[in-house]
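An overview of the molecular structure
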Amino acid sequence: MTDEQVSVRIVAESNALREFEEDAAVTVQGAEPVRPEEPLADARFVEWIAIAVAGSVAALVNHLLRLWAQQTERGVVLDMSTSPPTVSYVANIPYGTLVLRQEDGRSVVHHLKGTKSGTLEALFMEIAKAKAKNG
Amino acid sequence: MESRFDLLTGVAYVDADAPESWRDLAVLPFWETVCDPSYDPRLPRPLMHESLHFWQLMWSGYLMSLVEDEWQRLVRFETVGALDQASARVKRHNDRNLSPFCPDDLVEAWCRYWDVHIRGPHRVLEEDGLARPGGPSREGMYSSRDFDTAMLEGPSARLYARPYRWLLDYFAGESATCNALFPFLVAVAFLTDDPTAAFADGATALHRPDLADTLQRQHTETGETINMTWLEIAGPMLQAELLKHVGAEPRLGADLLGGPLASHPLLSPYAVKAAKSNFKNWTSYFFPSEPSPRRYLDALVRFSREAPVIAQQVMPGQPWYRSILGALIPPPAIQFRNFTWFAPLILNIEIDHGSGSVAYTAKGDHTFGNDFADVVARRARFSAAQQEAALGLPLGSLSPTSTPS
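The following paragraphs examine the structure supplied in this document.

Calculation rules
- Residues numbered from 1 in each chain as written.
- Chains lettered and ligands numbered in written order.
- Predicted model: local features only at pLDDT ≥ 70, side-chain atom pairs only at ≥ 80, totals over all residues.
- Heavy atoms only, no water.
- Helix = DSSP H or I, 4+ residues; strand = E, 2+ residues; numbered from the N terminus.
- Buried < 20%, exposed > 50% of the residue type's maximum accessible area, 1.4 Å probe, protein only.
- Contact = heavy atoms within 4.5 Å.
- Pairing = 2+ DSSP bridges.
- Axes fitted to C-alpha atoms, helices over the stretch in contact; angles between N-to-C directions.
- Expected span 1.5 Å × (residues − 1).
- Phe/Tyr/Trp six-rings, centres within 6.5 Å; stacked < 30°, edge-to-face > 60°.
- Lys NZ or Arg CZ within 6 Å of the ring centre and 35° of its normal.
- Disulfide = S-S within 2.5 Å.

Turning to the environment of A12 of chain A, a few remarks are in order. All names here are of chain A. Tracing the chain through its elements places A12 in strand β1 (residues 5-13). A residue is classified by how much of its surface remains accessible, and A12, at 3% relative accessible area, is buried. Separated by 19 residues in sequence, A12 and A31 have C-alpha atoms that sit 10 Å apart. If we ignore the near neighbours within four places in the chain, the residues touching A12 are E47, W48, I49 and L67.

The following block contains the structure:
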């Protein structure tokens, strides 16, 4: 793991906010409610929010993996074209799927095996480090 | 699992275990026993909330027209492989830039309103970790302050509080008036093509000193019980004050099920189910088991005779009306954590006149379970295609059958 500091925008259930706020290794920079972009999205009982958070790559990857393990009906979109990068847990993508949206807007799909995928962790790490280097 | 209601399929998802005894029941006992303390504490709130969304859909021509648009888009996607743009009204439905709020905000506020009344503000405040406001409160009753606190605060308040706060501001903080008028304003608004504008127009029409005096008098005469106030003002409020603003014939959601939605396996049967749910035909079957004041029962019966179709759907906060809604037009499928419950396609009711007991069965054992998996799978493919389009991916690339990395 690395100690480099990065910022990420994370779209997750609102109760995830407390998890970030209680972790001294990360700083919550803001949170706002979001609605799914799909037309006529489901009426959802739980509010979803976008949390802007900064911290070490290691700390953020831990949180992202924990959220990924909790959201067993959702895939992940890692959008590198936004600044900071956005990680969203998306209902319309099957669990075990990670979509990497690159900085040029093109998307690559990764289908991951197992629930403790080293691939997912490695992807999060590489992306976070790349973003840290590029500023 | 996430509690939610899927408008396009009509399926409710409830992130809690249901009692095993419900598994094969044709009518769930829940609608009469919402506050039964023996339930898994995670069960009542989302089950009530998501069921309310289904009844909104059956009531509202506006909401059903959105589903009609999306269903046609889904069918076209399946038949020609093209993913059309969503219709203008679907896009507008949750446009957060609309002022003072968008129709989707109003849907959530409407649902929350009944959620709080049905389960009681005290319970909702406790669940949300909110303190009760100060001030006097009679034993077993709740005040408008209790209601407003539950309605305007809480972890998801940003989703549902705006329209109610707007109305409260419009009526200069006159909580009892807002509380009485809100369900009628919002119900009529959702019979129009522009619920937000209709809601605001209705509020303007009702913002009169004489009406405030009438409401205050009703409130006092009914012993300050909101259930009686609703019944006393429902007829004049709906027919004399609000429905005239709708203009053309109001459109109920269930009335639209004969058009493009006739091919929807989970919704189209409700064209018949809703038509058969006319309240006055069912009073003897669903008479409330809890003792209630005679005056209240008389008012329930009177209003159901005056306005049988709207009686139930406008006021699910009346336990008797809610029992009928739950029995006759429940959501077609409710997926709990431990099993999925399916409503009967046609409900059979047998009454033993000797013992007075009533037995409910699914006629011919036919339930919505036959079509459930197929409709949900079609919906999932359609949703995945929309996501693929949004991400610039080829259609089918999010299918889990693709090669794993």
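With that settled, consider the sheet that holds strand β4 (residues 48-56) of chain A. Spatial strand order, β2-β4-β1-β6-β5-β7-β8 (chain A): seven strands in an open sheet with mixed pairing. On the outer flanks of this sheet lie β2 (26-34) and β8 (107-111) of chain A, each paired with one strand and no other. Averaged over all pairs of adjacent strands, the angle between their axes in this sheet comes to 20 degrees, without regard to strand direction. Across nine bridges, the pairing between β1 of chain A and β4 of chain A is antiparallel. For I10 of chain A, the partnering residue across the bridge sits in β4 of chain A and is I51 of chain A. The strands touched by helix α2 (residues 57-70) of chain A within the sheet are β1, β2, β4, β5 (75-79) and β6 (86-90) of chain A, with β4 of chain A carrying the most contacts at an inclination of about 150 degrees. Here helix α16 (residues 369-391) of chain B sits on the sheet and contacts β5, β6, β7 (97-101) and β8 of chain A; the angle it forms with β7 of chain A, its principal contact strand, is near 25 degrees.

This paragraph deals with helix α13 (residues 294-306) of chain B. Between the first and last C-alpha of α13 of chain B there are 18 Å, a value that for 13 residues agrees with the 18 Å anticipated at 1.5 Å per step. Along α13 of chain B, the residues that are buried comprise Y296, L297, A299, L300, V301, F303 and S304 of chain B.

A word on the packing of aromatic side chains. As enumerated under the stated definition, the model contains 28 aromatic pairs over all chains in all. Taking the centre distance of 5.1 Å and the plane angle of 25 degrees together, the rings of W68 of chain A and Y95 of chain A count as stacked. Residue W68 of chain A is found in helix α2, and its partner Y95 of chain A is found in the loop between β6 and β7; the two are separated by 27 residues along the sequence. Given the relative accessible area of 1%, W68 of chain A is considered buried. Three or more aromatic residues link up through ring pairs in this structure, and these residues are F101, Y113, W114, F147, Y164, W166, Y170, F171, F182, F199 and W230 of chain B. The aromatic ring of Y13 of chain B is capped on one face by R4 of chain B, whose charged end is 4.0 Å from the ring centroid.

On to the pairing of β6 of chain A, then. All names here are of chain A. β6 sits mainly inside the fold: five of its five residues count as buried. Burial of the side chains of β6 extends over both faces: T86, S88 and V90 are buried on one face and V87 and Y89 on the other. When β1 meets β6, the two strands line up parallel, connected through three bridges. Considered in β6, the bridge of R9 is made with T86. Inspection of the sheet shows β5 paired to β6 by five bridges, in the antiparallel sense. Along β6, the bridge assignment pairs V76 with Y89.

Structurally, T86 of chain A can be placed in strand β6. Setting aside chain neighbours within four positions, we find T86 of chain A in contact with R9, V11, V77, L78 and D79 of chain A.

What follows deals with the side chain of S88 of chain A. Within the element layout of this structure, S88 of chain A appears in strand β6. Among all residues touching S88 of chain A, those that are not within four sequence positions of it are V11, G75, V76 and V77 of chain A.

Bringing the state of the cysteines into the picture now. Residues and elements named next belong to chain B. Within this structure, the stated rule accounts for zero disulfides over all chains. You can see C35 has no disulfide; the closest cysteine sulfur is in C111, sitting 15 Å from it. Here C111 stays unpaired: no disulfide links it, and the sulfur of C102, its closest cysteine neighbor, is 15 Å away. For C111, a relative accessible area of 1% gives the class buried.

Turning to helix α6 (residues 144-152) of chain B, a few remarks are in order. Since one α-helical turn is 3.6 residues long, residues separated by three or four positions face the same way. Residues and elements named next belong to chain B. Of all nine residues in α6, seven are buried; the element is thus mostly enclosed. Taken as a whole, α6 has its buried residues at D146, F147, D148, T149, A150, M151 and L152. G154 sits one or two positions beyond α6 and adopts a positive phi of about 105 degrees.

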